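# Per-entry structural report
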Amino acid sequence: MIRKGGFAVLSADANLQNRVARAGVVGGCDSVVVDSSGQLGMVLEACAPCAVVVDREHQDADTVLRQVAKSPASAILVLRDATESPPPGAHVVVFEASLLHALELTRAPVPVAPRLGLVLGLSLLTGPVEDALESSAHHIAKAFGVDRCVISIRGDVGGGQTSEASTWDHLERCRMAVTSTATLIALMAGDAARCESYLAVPLKSHGLLGLVTSAPRIFSREDRAMLQALAVRLGAELGWRGVHDRTADELARRLSGPGLDPLVGIWNHVAMLQLMTTRASATVRAKQALTALVLDVDLRSINTRYGLKVGDLMLQRVADAVRATVRLEDLVGRWSGDKTLVLLEDATQDGAQHIAEVLQAALAARPIRLTNGEDVAIPVSVGIASLQPNEDPSHMVARAAAAAKLAPTRGLAIAEVTPDLPPVLQPDLAEQPPVTVAGTYRLRHEISRGAMGIVYRAEDLALERAVAIKMLRPDLVEDREFIQRLRTEASLLARIQHPNLVQIYHFGQGGGDSYFVMELIEGEALQEAIVRHKGEGTRPAQAVSIAVIEEVASALDALHEHGIIHRDVKPANVIRDPFRGRGVLIDVGIAHRAGEAVAIAGTPGYIAPEVLGGAEATARSDVYGLAATAYAILTLVEPFGDGEAVEIIARQTAAQPPAPPSFHLPALAPADAIILAALDRDPARRPASAGELARALASALSVVAPLPRVRTGNTGEPVPRLESKTGQTRGVVFRSVTRVLGVRGTARFQDAIGGEDPELARVLIDTAPLAWLPTAMFARVLALAPQHLDLEPERLAREVARASVRISFRRFFPASPTTLMPERTLSAIRNVWGRYHSWGAISSMPVLGTEAMVRLTGTPREVQLCAWTLGMLEQLVVLSGGAEPAVEHETCESRGDDACRFRVRWSRPSS
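Residues numbered from 1 in each chain as written. Predicted model: local features only at pLDDT ≥ 70, side-chain atom pairs only at ≥ 80, totals over all residues. Heavy atoms only, no water.

### Observations concerning the pattern of salt bridges
Within this structure, the stated rule accounts for 35 salt bridges. The shortest N-O distance in the salt bridge between Lys339 and Asp338 comes to 3.3 Å. A single burial state applies to Lys339 and to Asp338, both of which are buried. The salt bridge involving Glu536 is made with Arg532; its shortest N-O contact spans 3.5 Å. Pair noted here: Glu536 and Arg532 are both in helix α15 (residues 526-536), with a separation of 4 residues, about one helical turn. Here the residues in one salt-bridge network are Glu851, Glu888, Glu890, Arg903 and Arg905, joined through shared partners. (Salt bridge = Lys/Arg side-chain N within 4 Å of Asp/Glu carboxyl O. Buried < 20%, exposed > 50% of the residue type's maximum accessible area, 1.4 Å probe, protein only. Helix = DSSP H or I, 4+ residues; strand = E, 2+ residues; numbered from the N terminus.)

### Quick word on the packing of helix α10 (residues 308-325) against helix α11 (residues 349-364)
In the contact formed by α10 and α11, the axes pass within 10 Å of each other and the chain directions differ by 130°. When the interaxial angle is binned, α10 and α11 end up oblique. Note on packing geometry: the crossing formed by α10 with α11 is right-handed. Side by side, α10 and α11 meet where Arg317, Val318, Ala321, Val322 and Thr325 of the first sit next to Val358, Leu359, Ala362 and Leu363 of the second. When the residues that make up the contact of α10 with α11 are grouped by side-chain class, the tally is 7 nonpolar, 1 polar and 1 charged. (Axes fitted to C-alpha atoms, helices over the stretch in contact; angles between N-to-C directions. Parallel < 35°, antiparallel > 145°, perpendicular 65-115°, else oblique. Left-handed = near helix turned anticlockwise from the far one by under 90°. Contact = heavy atoms within 4.5 Å. Nonpolar A, V, L, I, M, F, W, Y, C, P; charged D, E, K, R; others polar.)

### Quick look at the confidence of the model for the chain
Per-chain confidence: the chain averages 81 in pLDDT, with 84% of residues scoring 70 or above. In the model, residues 157-166 has pLDDT below 50 throughout and makes 21 contacts with residues more than four positions away in sequence or in other chains. Every residue in residues 421-431 is under pLDDT 50, and counting partners more than four places away or in other chains gives 19 contacts. (pLDDT = per-residue confidence, 0-100.)

### Regarding the nonpolar core
Residues Ile549, Leu626 and Leu697 are the most contacted members of the largest nonpolar core, which totals 74 residues. If sequence neighbours within four positions are ignored, Ile549 has contacts with Leu626, Ala630, Ile633, Leu634, Ala694 and Leu697. If you look at the next biggest cluster of nonpolar residues, it comprises 52 residues, including Val732, Leu773, Val781 and Cys866. (Core = buried A, V, L, I, M, F, W, Y, C linked by side-chain atoms within 4.5 Å.)

### A look at the packing of aromatic side chains
Across all of its chains, the model carries 7 aromatic pairs by this definition. On the numbers, 6.4 Å between centres and 65° between planes, the contact of Tyr441 with Tyr515 is edge-to-face. Taken together, the residues Tyr441 in strand β18 (residues 441-449) and Tyr515 in strand β22 (residues 513-519) connect sequence positions 74 residues apart. Neither residue differs from the other here; Tyr441 and Tyr515 are each classed as buried. Pairing Trp833 with Trp868 gives two aromatic rings, centres 6.2 Å apart and planes at 75°, and the pair type is edge-to-face. Of this pair, Trp833 sits in helix α27 (residues 829-833) while Trp868 sits in helix α28 (residues 863-879), placing them 35 residues apart in sequence. Judged by relative accessible area, Trp833 falls into the buried class, the value being 2%. Look at Trp868 and you get buried, because its relative accessible area is 0%. (Phe/Tyr/Trp six-rings, centres within 6.5 Å; stacked < 30°, edge-to-face > 60°.)

Next up, the structure:
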């Protein structure tokens, strides 16, 4: 018999018996050989060995494993066949060559406590599944103190150190560990002196989650329980991902199939392709004509000027007009983002021309009415093409699309295909983009194309918000190193929150595509503004241009603080967002961290000379781009001229600097030295930061056209500035000022105050109707405008109030016009007032059937604001069905009274 704490061995192999005996001698303990499960039972009861070594080839091996499982001893199962699947029941499974390591650990185990905190936040639900598996494997290995974690979800290797040559050995041994439910110890491949230990549990139906450490280690029951709990959670998340991926694929297939376009309610592109093929075959058999009309809407200009919602409404208006005009048998569908297709059966060229003219007239009679009352005409051109013998119908449509595209350049609204028409425009026959990306983003239409890919407007189906999706070029997707760098930069950019920097939401990969998901910025790029002003013979307001430069500089400084260089600052990458009153720096796709070795990127004329020479891009390189952008938007001239890229670069790298800005616009003389210094070929001579450049420009140009101090016409005292605590006023009230002043009057007023108060000049045109702005700014507008435009102050305030109510009353106070009465509207004056101002307490009291008293307290004590209130009450009466309104301002807080009181009278309209 053996002393307690020794080894028992069930094996007929003398070599294995001797190995166990030698291990006992070295460890200072006894060992005993047993022949059967019955003899082992006596040994377990009498001696309580610390471990029982079981030879897998012994006939009683399975019985002994079950027997040892009921005792405190550890069962060590010895394998001789590396391909055999071990049975469950052992605590440790070893190959014979690794037995001594296992015996030593069994006699003196070394506990290793897992660090739970490292795995509590693990998730496989975000990002590409390969990246999520890699990250999870890293954290699990760190938590358990092992060298690597192997995650297999399809029976192959995923996650962990999958690039090593021994990975497949790791996977096979992890599978053995799963089968045995035990620690597996084996010699390291190619090294007879070192052992590796394995612990693994099942993951989903065919996968596994395994731990590998390059040292002998017996994992505890707690280790296994924790690993099993992780496997259950990660398996559930993989299941959810699988459901999502299948659902997304199904959604993409259904949306990509034939059906109605969800935006405009007519056939989508896929349906039109199938239907027109069938229709073409039928007309050929019947020897009838088939003619295509393509209606091309200038959607880009509409979206830029009025916003994407107006663009959507315009497409819907076109679809409605077409369906109401053409015959029931004619096919109507959406051919691409901005093109509507009509297929006319048995229609000659003359007949198609007549229908096109009818459609043009119908659309001309259907302008879009904006919330400010402005009517916007639908900028549509029509192309006509008839099916030729043996012609594919899609080729006919492409010819019609080409005619529609070229019609405006020829001064035409309707154009037929003629012999001198250039070849078919390829973009119209290009493969349609996917309907959805990753099952989460539904693509609407293309916004722009650039060097790295195409930008689409899209809808985030999960968060129900509009986004921009930049799909990278297919050849870039194949560059794994480039994609990895983009993913790293995207994660860093996503953490930078700045109002003048486009927000990056996500960088994803799926279906062979790589893409950025970004904030959708509406508005006009500075490059587009330059082209537009040149065409119109106008110039942008200098104060507005300086404000945009300052905003872009602020965004660049934020990037530079995080060690990121934009590398492509230019007018095309700055959008003026009129709906939120800001300039936004976009296209951060080629940005990179300072100090990284990357390929040269940028635009000739704006890329810094040192970068062209192969030097690293720095913050001063972006300052160079900002200076060139400022030069272009202030002068409407490219700083280094236009032409071929080689010619522009030659001018940039020449010793002679560009012409000073004042050469193109003398009023910019104070800024000459500042801009030319920022365009210096030597980075050390440029301003150290973008903000420094912008501040210097703003300071210098503020004295270009100094305005006299604004005074009132009566007292000569400066116009008072109200404190911001007086409250806020809706943007629709500010926008109404421009309606009263008119286009020319507004331009004159903005020019007059732009130098002294550029923010005040901007809010008149760049304020969203429902936005809130300080009432102090509105009071200042009412005080300044009459002095520059020779207007009577109180009359201006009343007219602005009337305009404000006219364009917004139905939205703020919805009701049927037939049920509105002045007395009812005035009884709800508190509800109406709160739609326009956040200050003041207002109430009303009826006096007679056609008379009421309105009381207002807590005013800013400004006469013009009281006049605005008077005009509002007059317009409310008119819109509520009253006639001949008359409002008397009986008492006023600005005169020292306890409240402003307005007596409102009207008459009933004659029947």
